[in-house]
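# Topology and contacts: notes
Here is how the chains run, residue by residue.
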Amino acid sequence: MASPLISTRRYWAFFIYVVLVGQASNGFYLPGSYMHTYSPSDEILVKVNSLTSIETELPFSYYSLPYCKPPGGVKKSAENLGELLMGDQIDNSPYRFRMNVNESIYLCTTSPLNEHEVKLLKQRTRDLYQVNMILDNLPALRYANQNGLKIQWTGFPVGYSPQNSNDDYIINHLKFRVLIHEYEGAGVQIIGTGEEGMGVISETDKSKASGFEIVGFEVVPCSVKYEPEKMIKLHMYDNTSSINCPLDLEKSQIIREQERVSFTYEVEFIKSDIRWPSRWDAYLKMDGARVHWFSILNSLMVIFFLAGIVFVIFLRTVRRDLTKYEELDKEAQAQMNEELSGWKLVVGDVFREPNHSKLLCVMIGDGVQITGMAVVTIVFAAFGFMSPASRGMLLTGMILLYLFLGIAAGYVSVRAWRTIKGTSEGWRSVSWSTACFFPGIVFVILTVLNFILWGSRSTGALPISLYFILISLWFCISVPLTLLGGYLGTRAEPISYPVRTNQIPREIPARKYPSWLLVLGAGTLPFGTLFIELFFILSSIWLGRFYYVFGFLLIVLLLLVTVCAEVSVVLTYMHLCVEDWMWWWKAFYASGSVALYVFLYSINYLIFDLQSLSGPVSAILYLGYSLIMAVAIMLSTGTIGFLTSFYFVHYLFASVKID
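It should be emphasised that the depicted structure is a prediction, and the values quoted were computed from it without experimental measurement.

## Structural notes on the overall build of the chain
- Across its full length, the chain holds 18 helices and 16 strands.
- For the chain, buried positions account for 49% of its 659 residues.
- For the chain, restricting intrachain contacts to residue pairs at least 6 apart in sequence, the fraction spanning at least 24 positions comes to 85%.

Put into structure tokens, the structure is as follows:
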């Protein structure tokens, strides 16, 4: 008894120590990047990301346009797997600031624009391409007034096209506002998980950490016509006079052949009361919280409605029938067996092997893998471990989770195979199919989309090297772990059926309406819990908005799982009551059919909410990615519904004493 007591005491001592250390510090910050403090006049470098547009969804490199290049040449920043898959290409830039030094700087003057450069600039301007800049891991924010409302955007446009004019004007002067907070190193412990790695500021680092921290990065874009003869006499980083953004088009820089464009910028440092841990609040302002709560309440109403039906099935119908049956003597039971009706008639067929049983096992395994990935990712994001400061972290985490959850997919698919077949023979084939089914679908779709992106010379195209990395991760991590999971599935006890299966299958009575109609209709209920949150997710992906209400998303996910389980159980019971013993696939698609409505909603979103999306290439990309999302949702929700229905049917017939 002494050993457990000592270990318990050690545990509580450690817990109290952690609490006291946490209380000793004035602040604690987990997500995001390691705080960087700057001394006055320290050099601060600005990075540039890919040019993006909500019209085309095709990202392009910043230096594909005739912009000024840094003196030491263009150098790419380290990118993680998620950033590469999202089409990010982060490079250094010639924009350099000095901490707390306001100045106006000249960069460069281009050579006379040729026909190709003019055509490219005009096309990028009319396609509403945005320039995305990053300072100390913060994207540049731009504020604009539309119809009396103050709207914020990340980035600034390449140029603009005035109404009632065929001319285009380039943005060549930037007015930066850098918000800084004076930091004195007073007892703040910071743990970072961003691109600069992990770090802790302790008491001994106070003197080093004192200085200024960057808590905001705003930009006001302008188009200014300079006299090239005067500007070319200047050198890069020479000081120039501050200017106001011109309102007259005659004083703006037009885009046309033989024009020489001069690029300048101003920077102003403004002291702010914003603390470093709160600097992302401006980007993550959550609008429409009432809509999220309405979505949750709507889902709860659906859940209680379905729960009432399940309650009636279990307590009033099933339990009543079973109680009556068990109260009869043997002769009465034998007589009743001859007069059975409803679900009791299919007792000898309910566990008969379904059609395409191998495919069902494979889809269930992949569904478990996708569901596990989604749940763990959303839980971590809801608790703040997936900060937007760590670009690509969410997607990278999802991929790694999917790879390592291959062991669960292999185990579930092979155990389901053993349960259906009664033997382990063929488990390797099932494991291989599980490892290749969903990734194979994604690989084929991404390859087709990648050829389209290569043809458009977009940075969104995956490089060949990344293809080999993804295939290596697939075959070196996911496939072996899936095979290991399959082997463990062969060692596990198969689930034994509570009743014997007859040799001759029972004929299913004809019905007035096809069963698939009921299955398709069942998908509307899970979709009702999902569609409002789906709108915000699609907006964040395709309209360049930050999505960070993962707490709401976690609640919606739990509600979705509950609705899928209830819908599938109700529909399975309805089929059994009309003597339809072929319930396996119907249980899967009763909840899995929500994917059809998700894909149709994606098409609706494309037509009515993404009206700015232009060109067949952009539409094909959108539909391709939407198809991947729909397939993943089908496998996940279908698996939840099937597993719930299987255990419901198993419990139901385990309670029946029919020979």
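## Regarding the side chain of Thr 109
- Structurally, Thr 109 can be placed in strand S4 (residues 103-109).
- According to the relative accessible area criterion, Thr 109 is buried, its value standing at 16%.
- At a separation of 2.8 Å, a polar atom in the side chain of Thr 109 contacts the side chain of Ser 262.
- In contact with Thr 109, not counting residues within four places along its chain, are Met 231, Ile 232, Arg 260, Val 261 and Ser 262.

## Brief notes about unusual backbone geometry
- Located in the positive-phi region is His 356, a residue other than glycine, with phi close to 50°.
- Overall, His 356 belongs to the exposed group, its relative accessible area being 61%.
- A positive phi is found at Glu 579, a non-glycine position, where the angle reads about 65°.
- In this structure, Glu 579 sits in the loop between helix H15 (550-577) and helix H16 (584-592).

## Considerations on the packing of aromatic side chains
- Counting across every chain of the model gives 41 aromatic pairs.
- Ring geometry for Trp 585 versus Tyr 589: centroids 5.9 Å apart, planes at 20°, classification stacked. Of the two residues, Trp 585 and Tyr 589 are both situated in helix H16; the distance of four residues between them amounts to about one turn of the helix.
- Plain terms: the ring middles of Phe 588 and Tyr 589 are 5.3 Å apart, the flat faces sit at 80° to each other, and that makes the pair edge-to-face.
- Using a relative accessible area of 0% as the deciding quantity, one classes Phe 588 as buried.
- Look at Tyr 589 and you get partly exposed, because its relative accessible area is 30%.
- In this structure an aromatic cluster arises from ring pairing among Phe 351, Tyr 497, Trp 583, Trp 584, Phe 642, Phe 646, Tyr 647 and Phe 653.
- We note Arg 124 situated over the ring of Phe 60; from NZ or CZ to the ring centre the distance is 3.9 Å.
- For the cation-ring pair, Arg 124 lies above Tyr 129, with the distance from its terminal atom to the ring centre recorded as 5.3 Å.

## Re the state of the cysteines
- The full count for this structure, using the stated rule, is two disulfides.
- Paired through a disulfide, Cys 68 and Cys 108 show a sulfur-sulfur distance of 1.8 Å. What sets the handedness of the Cys 68 and Cys 108 disulfide is the S-S torsion sign, and at about -85° it is left-handed. One end of the pair, Cys 68, is in the loop between strand S2 (43-48) and helix H2 (81-85); the other, Cys 108, is in strand S4, and 40 residues separate them in sequence. The exposure classification of Cys 68 matches that of Cys 108, with both residues buried.
- A disulfide bridge connects Cys 222 with Cys 245, and the sulfur atoms are separated by 1.7 Å. Of this pair, Cys 222 sits in strand S15 (residues 211-222) while Cys 245 sits in the loop between helix H5 (228-231) and strand S16 (262-271), placing them 23 residues apart in sequence.

## Remarks on the nonpolar core
- Counting 139 residues, the largest nonpolar core has Phe 97, Met 133, Phe 176 and Phe 653 as its most contacted members.
- Top contributing element to this core by residue count: helix H18 (residues 616-654), with 16 residues.
- In this view, Phe 97 contacts Asp 42, Glu 43, Ile 44, Val 46, Leu 135, Phe 176, Val 178, Phe 217, Tyr 265, Val 267 and Phe 269; residues no more than four positions away in its chain are not counted.
- Counting residues in hydrophobic clusters, the runner-up holds seven residues, among them Leu 81, Ile 399, Leu 403 and Tyr 467.

## Looking at the sheet that holds S2
- Spatial ordering of the open sheet is given by S3-S2-S6-S7, a layout of four strands whose pairing is antiparallel. On the outer flanks of this sheet lie strand S3 (91-98) and strand S7 (138-139), each paired with one strand and no other.
- Two strands pair when backbone bridges link them, and S2 and S3 are joined in this way by five bridges, in the antiparallel orientation. Following the sheet pairing, Ile 44 is matched in S3 by Phe 97.

## Focus on the pairing of S2
- Here S2 shows one buried face, formed by Ile 44, Val 46 and Val 48, and one open face, formed by Glu 43, Leu 45 and Lys 47.
- Note: S2 against strand S6 (residues 133-135), three bridges, orientation antiparallel. When the sheet's bridge partners are listed, Lys 47 is paired in S6 with Ile 134.

## Topic: the pattern of salt bridges
- One pass over the full model with this rule turns up 15 salt bridges.
- With a closest N to O distance of 2.9 Å, Asp 136 and Arg 279 form a salt bridge. Taken as a pair, Asp 136 in the loop between S6 and S7 and Arg 279 in the loop between S16 and helix H6 (289-327) lie far apart in primary sequence, 143 residues in all. A single burial state applies to Asp 136 and to Arg 279, both of which are buried.
- One continuous salt-bridge network, built from bridges that share partners, spans Lys 122, Arg 126 and Asp 168.

## So, helix H3 (residues 115-126)
- For H3, with twelve residues, the first-to-last C-alpha span of 17 Å sits near the 16 Å given by 1.5 Å per residue.
- Looking at H3, one finds that the buried residues are Val 118, Leu 120, Leu 121, Arg 124 and Thr 125. Taken end-on, H3 shows its buried residues confined to a sector of 165°, consistent with a single buried face. Exposed and facing more than 90 degrees away from the buried side of H3 are Glu 115, His 116 and Lys 119.
- At its buried positions, H3 is contacted by strand S11 (159-160) and strand S12 (169-170).
- One side-chain oxygen at the N-terminal end of H3 lies 3.2 Å from the backbone nitrogen of His 116; it belongs to Asn 114.
- At the exit of H3 stands Leu 128, carrying a positive phi of roughly 60°.

## Section: the pairing of strand S9 (residues 149-154)
- Bridge analysis of strand S8 (residues 141-146) against S9 gives six bridges, and the strand direction is antiparallel. Looking across to S9, one finds that Ala 144 is bridged to Ile 151.
- Here S8 hands over to S9 after two residues, with Asn 147 in that stretch at a positive phi of 55°.

## Topic: the side chain of Thr 110
- Positionally, Thr 110 belongs in the loop between S4 and H3.
- You can call Thr 110 buried: its relative accessible area is 11%.
- Excluding residues within four positions of it along the chain, Thr 110 makes contact with Pro 66, Glu 259, Arg 260, Val 261 and Phe 263.

## Things to note about the environment of Pro 509
- Note that Pro 509 resides in the loop between helix H12 (464-491) and helix H13 (515-522).
- Separated by 71 residues in the primary sequence, Pro 509 and Asp 580 have C-alpha atoms spaced 7.6 Å apart.
- Each residue touching Pro 509, except ones within four places of it in the same chain, is listed here: Val 578 and Glu 579.

## Remarks on a nonpolar patch on the surface
- A cluster of nonpolar residues, Tyr 513, Trp 516, Leu 517, Leu 520, Leu 596 and Leu 600, forms a patch on the protein surface that exposes about 570 Å² of accessible area.
- When contributions to the nonpolar patch are tallied by element, the ones reaching two or more residues are H13 and helix H17 (594-608).
- Considering each element in turn, the nonpolar patch owes the most residues, three residues, to H13.
- By the secondary structure assignment, Leu 596 is in helix H17.
- Residue class for Leu 596 comes out partly exposed when judged on its relative accessible area of 39%.

Parameters and conventions
- Residues numbered from 1 in each chain as written.
- Predicted model: local features only at pLDDT ≥ 70, side-chain atom pairs only at ≥ 80, totals over all residues.
- Heavy atoms only, no water.
- Helix = DSSP H or I, 4+ residues; strand = E, 2+ residues; numbered from the N terminus.
- Buried < 20%, exposed > 50% of the residue type's maximum accessible area, 1.4 Å probe, protein only.
- Contact = heavy atoms within 4.5 Å.
- Polar contact = N/O pair within 3.5 Å; in protein donor to acceptor, adjacent residues only side chain to side chain.
- Phe/Tyr/Trp six-rings, centres within 6.5 Å; stacked < 30°, edge-to-face > 60°.
- Lys NZ or Arg CZ within 6 Å of the ring centre and 35° of its normal.
- Disulfide = S-S within 2.5 Å.
- Core = buried A, V, L, I, M, F, W, Y, C linked by side-chain atoms within 4.5 Å.
- Pairing = 2+ DSSP bridges.
- Salt bridge = Lys/Arg side-chain N within 4 Å of Asp/Glu carboxyl O.
- Expected span 1.5 Å × (residues − 1).
- Arc of directions from axis to C-beta.
- Patch = residues over 30% accessible without salt bridge, like charges linked within 9 Å, V, L, I, M, F, W, Y side chains within 5 Å.
- Areas by Shrake-Rupley, 256 points an atom, 1.4 Å probe, with all protein chains shown as cover.

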